Amino acid sequence: MSLLEVHDLKVAYGGIHALKGISLSVAQGELVALIGSNGAGKTTTLKALAGLLPYSGKAHYQNTSLLHRASHQRVLDGIALVPEGRGVFARMSVLENLQMGAYIRHDKEIAQDIERIYDLFPRLAERRSQLAGTLSGGEQQMVAMGRALMSRPTLLMLDEPSMGLAPLMVEKIFDTIRNISAQGVSILLVEQNAKLALEVAQRGYVLENGNITLEDSAANLLGSAAVQRAYLGS
Amino acid sequence: MDILLQQIINGLVQGSVYALVALGYTMVYGILGLINFAHGEVVMVGAMIALAAIQVLLAAALSPLLVLLLSVLLAVAVCMALGYSIERIAYRPLRHAPRLAPLITAIGVSFVLQNLAMIIWGREYHSFPQLLPNASHHIGGAIITEVQITIVLIAILVMTGLMLLVHRTRLGRAMRAVAENQTSASLMGVNINKVISTTFMLGSALAAIAGIMVSANYGVVHYYMGFMLGLKAFTAAVLGGIGNLRGAMLGGVLLGLIESLGAGYMGALTGGILGSHYQDALAFVVLIAVLVFRPSGLLGERVSERA
Ligand SMILES: Nc1ncnc2c1ncn2[C@@H]1O[C@H](COP(=O)(O)OP(=O)(O)OP(=O)(O)O)[C@@H](O)[C@H]1O
Ligand SMILES: [Mg+2]
C-alpha cells in the first residue's frame, strides 16, 4: 500500500466541478509531480487532501480515510501543505513562523530543528527577527517551506513553489526540494513549470480540466510528445 | 483640594476598568472581525456572581480577604463558561453568515442576559460590601482609597500577564496566528475553534475582574450596569484601534482620563452651561470624533481592510 491512495476524488465549488474523479498515489519516500495548466484543479487537489475543502471519493493516508479528519488533525497525521501564495504570518517574525510550524510538537528538539532550517536556508538565519511580511517573495517561500518542515511531515505537499521567483531563486528552492526528498520525506509537488517538476520527480501525473489524462514515470513524461507539446513548449 | 490631581486619579482608576473590558472587545474583534456587543453584560454577570458569592461566604464567617478571593475566582469561572457558551451557541453557527447576522445576534444575547439578570436579581441597586480596608491616602491635595490603589495594581498585573501570554506563549502565538490567517493556522495544526473559544474565555475572565472592580469602587451593582460600561469600553477599544491589544489599554486609560477631566472642568469651561452630569455624553463625543478623524484609532492600522 502506498502512503497516500486517492481514488475517484471529486471536488465541486457550488455547481463547478473542479475535480471530476481523479486517482493518484504517493509511495513512502517518493517524489511525485502533479502538473497541469491554469485552472486544471491542482490547487483544489492539494486543498482537498489538506482538509481545506470537502471531497467525495476515496483519499486514504497510511491506510486510513481522511474524510473526517479536520485540517489541523491531518497535520498531526503527518501531512503538511505549503499553500499557493505561501500564507506566511506576515505580522510574525521569521522565527515565530518557524515556531508556529512546530505547533503540534512538544519534544525537546524544536530549537535544534530551527537551526537545521537555518542551515537549509541561511538567508532566513540572517532575518530571523524580521517580520515575515517584509520579506521578498523568495524568502517568504523559504519561510513557508521551513515552517512546513518544522512539523516533521511524512508527506509534504508543495503548491507551485517556483511561482513568481527569479530563476536563481527557483533553482535554490528546487535544490532544497531534492534535498528534503533525499532525507526520506514523501513529496507531492504541484507545478506549472512542468520541466522543473519532472526533472526532480520520480513519477508524474498530468491534470487537465479536473481529470488526470496521463500518468507515468517522470522520465517518460518528459519525453512524451503530448507533454512536450502542451507543457514544455516544444 | 487639588481638582486636577484628583480627576487624574479618578480617571486612571476608571480607565483601568475600561482597559480590561476593552481588551475583551478587541481580542474577539482581532480574531473574528466581530463586535461582541454582549461583552458588557458579561461584566455585569461577573459583578452579580461575585456579589452573590460574597453574601453567602460572609454569612459563613470567612475572613474578608478569603471571601474576596473565592468570589473573584467563582465570578471568573462563571464568566469564562458564559463567554464560551455565547460563542458556541450564538456566534459559531453564524461564522460564515453575512456580517450583519452575528451583530444582530450579539445585541439579542445582550438583551437576554440583561433580562435574565433582571429576573434573578431584580431592578433594584444592590450594595456591594466593602471587603478591603477602605483607608484613604492623601497625595498632593488629592485622595486615593486603598480600593482604588488595588484596582489599578491588579489591572496592571492582569494586563501584563495577558501581554506575556499573547506574545510569549504557544497559546498566544496560536491566537495571533488565527487572528492573522485562519487557513494558515489550521495548516500548522491549530484547532481554530479551540483558539476562538479560548479567546472568548480570556476576554470574559477580564470582564469578570473589571465587573468586580467597578462594583468595589462605586459600592453598587445593578442589572443594567454592563450596558453603559460596555459601550464606553467599546469606545475605548475603537479609540485605541480595535483589534490592537495595546490600543485597547491605551484607549481605556485615555477615555477614563478624558471623562474624568471633562467632568471636573466641564462646568468651569462652559460657564456653568454644561455640568459634570454630561460626563457620559463625552465618551460618545470621543467615539464620533475618532470615527470621523481617525477611524483606525490611535494605534490601529488596517480596520478598513477587514470591513
Ligand atoms: N473558490 C472557488 N470558487 C469557485 N471556483 C473555484 C474556486 N477555486 C477554484 N475554482 C475553480 O476550480 C478550477 C480549478 O482551480 P484550481 O485553483 O484548483 O486550479 P489550479 O490547477 O491550481 O490552477 P493554477 O495553476 O492557476 O493555480 C478552476 O476552474 C477555478 O476557477
Ligand atoms: Mg493553483
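The model shown is predicted, which means the values in this text are computed figures rather than measured ones.

Undergrad: Lay out the overall build of chain A in plain terms, naming residues and giving numbers.
TA: Across its full length, chain A carries 10 helices and 10 strands. Taking 234 residues into account, the globule formula puts the C-alpha radius of gyration at 17 Å, and chain A, at 17 Å, falls close to it. Taking the principal axes of its C-alpha atoms as reference, chain A extends roughly 45 × 40 × 35 Å. Looking at chain A as a whole, 53% of its 234 residues qualify as buried. Counted over contacts in chain A with a minimum sequence separation of 6, partners at least 24 positions apart contribute 67%. Within the structure as shown, chain A displays about 9800 Å² of accessible surface, and the carbon and sulfur contribution to it stands at 50%.

Undergrad: I'd like a description of the coordination of the magnesium ion (ligand 2), backed by residues and values.
TA: Residues and elements named next belong to chain A. Summarising the metal site, the magnesium ion (ligand 2) is bound by the protein donors Thr 43 (OG1) and Glu 84 (OE), whose distances to it range over 1.9 to 2.3 Å. Here the residue Thr 43 occupies a position in helix H1 (residues 42-50), and Glu 84 occupies one in the loop between strand E6 (79-82) and helix H3 (94-101), the gap between them amounting to 41 residues. A relative accessible area of 17% means that Thr 43 is categorised as buried.

Undergrad: Residues and numbers for unusual backbone geometry, please.
TA: The phi angle at Asn 209 of chain A is positive, at roughly 50 degrees, despite the residue not being glycine. Of note, Asn 209 of chain A is situated in the loop between strand E9 (203-208) and strand E10 (211-217).

Undergrad: I'd like to hear about the interface of chain B and chain A, residue by residue, with values.
TA: Contacts between the two partners involve 20 residues from chain B and, on the opposite side, 21 residues from chain A. Carbon and sulfur atoms supply 57% of the area that chain B and chain A bury against each other, a total of about 2000 Å² over both sides. Applying the counting criterion to the chain B and chain A interface returns 1 salt bridge. Note that Arg 176 of chain B is salt-bridged to Glu 96 of chain A, the shortest N-O span being 2.7 Å. Scanning the region where chain B abuts chain A turns up 7 residue pairs in polar contact (both at pLDDT 80 or more). Those elements that provide at least two residues to the side of chain B that touches chain A are helix H6 (170-180) and helix H7 (182-187) of chain B. A class-by-class count of the residues in the side of chain B that touches chain A yields 7 nonpolar, 7 polar and 6 charged.

Conventions we followed
- Residues numbered from 1 in each chain as written.
- Chains lettered and ligands numbered in written order.
- Predicted model: local features only at pLDDT ≥ 70, side-chain atom pairs only at ≥ 80, totals over all residues.
- Heavy atoms only, no water.
- Helix = DSSP H or I, 4+ residues; strand = E, 2+ residues; numbered from the N terminus.
- Rg over C-alpha atoms; globule rule 2.2 N^0.38 Å.
- Buried < 20%, exposed > 50% of the residue type's maximum accessible area, 1.4 Å probe, protein only.
- Contact = heavy atoms within 4.5 Å.
- Areas by Shrake-Rupley, 256 points an atom, 1.4 Å probe, with all protein chains shown as cover.
- Donors = N, O, S within 2.8 Å, 3.2 Å for Na, K, Ca; no water.
- Buried area = accessible area lost by both parts, 1.4 Å probe.
- Salt bridge = Lys/Arg side-chain N within 4 Å of Asp/Glu carboxyl O.
- Polar contact = N/O pair within 3.5 Å; in protein donor to acceptor, adjacent residues only side chain to side chain.
- Nonpolar A, V, L, I, M, F, W, Y, C, P; charged D, E, K, R; others polar.

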